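# Chain and residue survey
Spelled out from the first residue to the last, the chains are:
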Amino acid sequence: MQNEIIIIQGAVKRFGRVEALRGVDLTVRRGEVVVIIGPSGSGKSTLLRCINHLESLDEGCIIVDGIPLTQAENINRVRAEVGIVFQQFNLFPHLTALENITLAQRVVRKRSREESERIAMELLKKVGIPEKAHAYPAQLSGGQQQRVAIARALAMQPKIMLFDEPTSALDPEMIKEVLDVMLALAKEGMTMVVVSHEMGFARAAADRIIFMDEGQIVEETTPELLFTAPKHERTKLFLSKILH
Amino acid sequence: MPDVERLERTIETKAVVLPKERERFDTWWFLVLAVAGVVALLVFVKPDPFLRIVLFLRDGIGVTVRITVISFAFILVVGLIGGLGRLAKNWLIHGIASLYVEIIRGIPLLVQLLFLYFAFPQVLDTVGAWLMKLSPSLHGAGKWLVDVKPDPFVMAVAGLTICYGAYMSEIYRAGIQSISKGQMEAARSLGMSYFQAMRYVILPQAVRVILPPVGNEFVALLKDSSLVSVVAVSDMTRRGREFMSSSFMSLETWTMVALLYLVMTLFASRVVAYIERKTAFAK
């Protein structure tokens, strides 16, 4: 079992004439928590979405857990190993919280109803809302929806969890409950790649912080060094804007 | 700007349909009863000619209902395939589906039915004769094509299906497109295939969106099925014409035919409204 679980080499992604990624190299080790920050349009979400092939690369390659993301038949295999949590939660509105968590278990993992419901209930307890099992997404607050979304991804027992600005669509008082779940997950040793500007979370959980700008990685550093001694001018400028 | 977006999202997600409102009795049922009552009254007060007309139309009513229901079942399937085809990334599939929709929508249903019933058999004859000449091994197939007699009922169902399938394709397409892209992404990111995501995530939501227009199509089809009377199908309209030409009672005949269509269409739209309320979910 090799230690590098995600290997990205020379990733280039274009949307029409815009280059969203301009040659990104990144390696994530097993159990590592990597936080990606950067101004909007810097390509951080695109990079994340490329890791489970929601976007395909124009150049370069991505290897997830030893499986290259190039052949079509590998993609569903990799996706089941990589959970992603979206800014907009994207829960299935026609299903209850419990059904949201059991659907893919039954359809993709072919688990029985009993087993998938048992796992779903355990996960709902873990994210702190077992009493909402039979509520529909519209009946849940944003924070609760996002916690169900995390449970839904965890139910596939992924080796990697990706978070795409998981707290950006939340009201301020709900951010903590989601970050607490993410912190607990990080403590358990989950490999995580997080696009977020929650510096409190980065400080507490991140092994590495990556600053992206204009489709490239500008700076790679540890949380302590980022706040005390950022190397690049662009990083300094960005930090001065978000740390008020 | 993000604040406005967030506010809109909150409004959207918090607007829960109240169960009370959902279960309230649908007063439009009275209209169905009223029209049915008029029919009953006419038959009761003036059995001659109204009871005679109803008895004469009876098999026609059955044919109209059967042709509508059978065609609609096919239309739902054709529409789904057409709609998915219109959304396909593959240019060939997309092109074929789009061509089908554009061409069929541009030709009147009546002309399509006439073509299918009167012109299409000639096409079969020509192709059959050509096959018979081409090679002895194809002789059997060619002979079958020449000999096959178009069944009016089958041709009528085919005609209605082809025509309404095109409209239904567009309804499915719009319904599927109305579901946010994030739903497909979430499903795919959990490892579901495209078709699994369609079946378990997208279509269950899209079906609720398209139910009102699909219901409209059913009612429209029920009425347009009267056009099959020109291709030798003994539906309600054709039976009405037969009764009129033997009795010369135009006013009575067409009043009764119109009332019977009205009872059926009003009833159908109430059933659609009922299903709509039952399947609504908090959004």
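Before reading on, note that the structure itself is shown above.
Reference entry: report on the structure contained in this document. What you see is a predicted model, and the numbers here were worked out from it, not measured in a lab. (Residues numbered from 1 in each chain as written. Chains lettered and ligands numbered in written order. Predicted model: local features only at pLDDT ≥ 70, side-chain atom pairs only at ≥ 80, totals over all residues. Heavy atoms only, no water.)

## Topic: the interface of chain A and chain B
- Tallying the contact residues gives 29 residues for chain A and 24 residues for chain B.
- Regarding the contact of chain A and chain B, the summed buried area is about 2,300 Å², with carbon and sulfur atoms giving 59% of it.
- Here Arg-49 of chain A makes a salt bridge to Glu-185 of chain B, at a shortest N to O gap of 2.6 Å.
- Within the residue set of the side of chain A that touches chain B, elements represented by two or more residues are helix H2 (72–81), strand S6 (82–85), helix H3 (97–107) and helix H5 (142–154) of chain A.
- Tallied by class, residues from the side of chain A that touches chain B come to 18 nonpolar, six polar and five charged. (Contact = heavy atoms within 4.5 Å. Buried area = accessible area lost by both parts, 1.4 Å probe. Salt bridge = Lys/Arg side-chain N within 4 Å of Asp/Glu carboxyl O. Helix = DSSP H or I, 4+ residues; strand = E, 2+ residues; numbered from the N terminus. Nonpolar A, V, L, I, M, F, W, Y, C, P; charged D, E, K, R; others polar.)

## Describing the packing of helix H4 (residues 47–87) of chain B against helix H12 (residues 250–279) of chain B
All names here are of chain B.
- Relative orientation of the contacting elements H4 and H12 amounts to 45°, with a least axis distance of 10 Å. Overall, the two elements H4 and H12 adopt an arrangement that is oblique. The way H4 lies across H12 gives a crossing that is right-handed. Of H12, the residues touching H4 (which contributes Pro-49, Phe-50, Ile-53, Val-54, Leu-57, Ile-61, Thr-64 and Val-65) are Glu-252, Thr-253, Met-256, Val-257, Leu-260, Tyr-261 and Met-264.
- Residue composition of the contact of H4 with H12, grouped by class: 12 nonpolar, two polar and one charged. (Axes fitted to C-alpha atoms, helices over the stretch in contact; angles between N-to-C directions. Parallel < 35°, antiparallel > 145°, perpendicular 65-115°, else oblique. Left-handed = near helix turned anticlockwise from the far one by under 90°.)

## Observations concerning the packing of aromatic side chains
- This structure, assessed with the given rule, holds seven aromatic pairs over all chains.
- Consider the rings of Trp-29 of chain B and Phe-267 of chain B, whose centres lie 5.8 Å apart with planes at 65°: the pair is edge-to-face. Taken together, the residues Trp-29 of chain B in helix H3 (residues 29–45) and Phe-267 of chain B in helix H12 connect sequence positions 238 residues apart.
- Overall, the relative accessible area of 45% leaves Phe-267 of chain B in the partly exposed class.
- Where Tyr-117 of chain B meets Phe-118 of chain B, the ring centres are 4.9 Å apart and the plane angle is 80°; that geometry is what we call edge-to-face.
- The exposure class assigned to Tyr-117 of chain B is buried, which follows from its relative accessible area of 18%.
- The lysine or arginine in question, Arg-152 of chain A, covers the ring of Phe-92 of chain A, its NZ or CZ lying 4.5 Å from the ring centre.
- When the ring centre of Phe-56 of chain B is taken as reference, the NZ or CZ atom of Arg-239 of chain B above it lies at 4.1 Å. (Phe/Tyr/Trp six-rings, centres within 6.5 Å; stacked < 30°, edge-to-face > 60°. Buried < 20%, exposed > 50% of the residue type's maximum accessible area, 1.4 Å probe, protein only. Lys NZ or Arg CZ within 6 Å of the ring centre and 35° of its normal.)

## Some words on the packing of helix H5 (residues 91–105) of chain B against helix H8 (residues 152–177) of chain B
All names here are of chain B.
- Running from N to C, H5 and H8 cross one another at 120°; their axes reach a closest spacing of 9 Å. On the basis of the axis angle, H5 is oblique to H8. Crossing angle aside, the handedness with which H5 passes H8 is left-handed. Touching Tyr-100, Val-101, Ile-104 and Arg-105 of H5 are Thr-161, Ile-162, Cys-163, Gly-165, Ala-166, Tyr-167, Ser-169 and Glu-170, all from H8.
- Split by residue class, the contact of H5 with H8 holds seven nonpolar, three polar and two charged.

## Points about the side chain of Arg-152 of chain A
- If you trace the backbone, Arg-152 of chain A turns up in helix H5.
- Glu-185 of chain B provides the closest opposite charge to the buried, salt-bridge-free Arg-152 of chain A, at an N-O distance of 9.7 Å.
- A distance of 3.4 Å separates a polar atom in the side chain of Arg-152 of chain A from a polar atom in the side chain of Asn-100 of chain A.
- Every residue in contact with Arg-152 of chain A, bar those within four places of it in the chain, is listed here: Phe-89, Asn-90, Leu-91, Phe-92, Asn-100 and Ile-101 of chain A together with Ala-186 and Leu-190 of chain B. (Lys, Arg positive; Asp, Glu negative; His and termini not counted. Polar contact = N/O pair within 3.5 Å; in protein donor to acceptor, adjacent residues only side chain to side chain.)

## With respect to unusual backbone geometry
- The omega torsion across Asp-48 of chain B and Pro-49 of chain B is 15°, close enough to zero to call that bond cis.
- Summarising the element assignment, Pro-49 of chain B is placed in helix H4.
- For Asp-65 of chain A, which is not glycine, the phi torsion reads 50° and is therefore positive.
- Counting through the fold element by element, Asp-65 of chain A comes out in the loop between strand S4 (59–64) and strand S5 (67–68).
- With phi around 50°, Glu-214 of chain A is a residue other than glycine that occupies positive phi space.
- Tracing the backbone shows Glu-214 of chain A in the loop between strand S9 (208–213) and strand S10 (216–221).

## Considerations on H3 of chain B
- Spanning 17 residues, H3 of chain B covers 24 Å between terminal C-alpha atoms, matching the ideal 24 Å at 1.5 Å per step.
- Contact partners of the buried residues in H3 of chain B: H4 and H12 of chain B. (Expected span 1.5 Å × (residues − 1).)

## Notes on the sheet that holds S9 of chain A
Residues and elements named next belong to chain A.
- Reading across from one edge, S6-S7-S8-S3-S9-S10 is the order of the six strands in this open sheet, with mixed pairing throughout. A strand with exactly one partner marks an edge of an open sheet, and here the two such strands are S6 and S10. Taking each pair of neighbouring strands and ignoring which way they run, the sheet shows an average axis angle of 20°.
- Pairing between strand S3 (residues 33–37) and S9: four bridges, direction parallel. The residue bridging Val-35 from the neighbouring strand is Ile-209, located in S9.
- Taken strand by strand, helix H1 (residues 44–51) contacts S3, strand S7 (160–164), strand S8 (191–195) and S9, and its axis lies near 150° from that of S7. (Pairing = 2+ DSSP bridges.)

## With respect to a nonpolar patch on the surface
- Taken together, the side chains of Leu-99, Ile-103, Ile-107 and Val-111 of chain B make up a nonpolar region of the molecular surface, amounting to roughly 340 Å² of accessible area.
- With respect to the secondary-structure elements, Leu-99 of chain B resides in helix H5. (Patch = residues over 30% accessible without salt bridge, like charges linked within 9 Å, V, L, I, M, F, W, Y side chains within 5 Å. Areas by Shrake-Rupley, 256 points an atom, 1.4 Å probe, with all protein chains shown as cover.)

## Thoughts on helix H11 (residues 236–247) of chain B
All names here are of chain B.
- Along its 12 residues, H11 runs 16 Å from first to last C-alpha, staying within 8% of the 16 Å computed at 1.5 Å per residue.
- Every buried residue of H11 is listed here: Met-236, Thr-237, Arg-239, Gly-240, Phe-243 and Ser-247. Seen end-on, H11 carries its buried residues on one side only, within an arc spanning 160°.
- Looking at the buried residues of H11, the elements they touch are H4 and H12.
- Positive phi appears at Phe-248, one or two residues downstream of H11, with a value of about 60°. (Arc of directions from axis to C-beta.)

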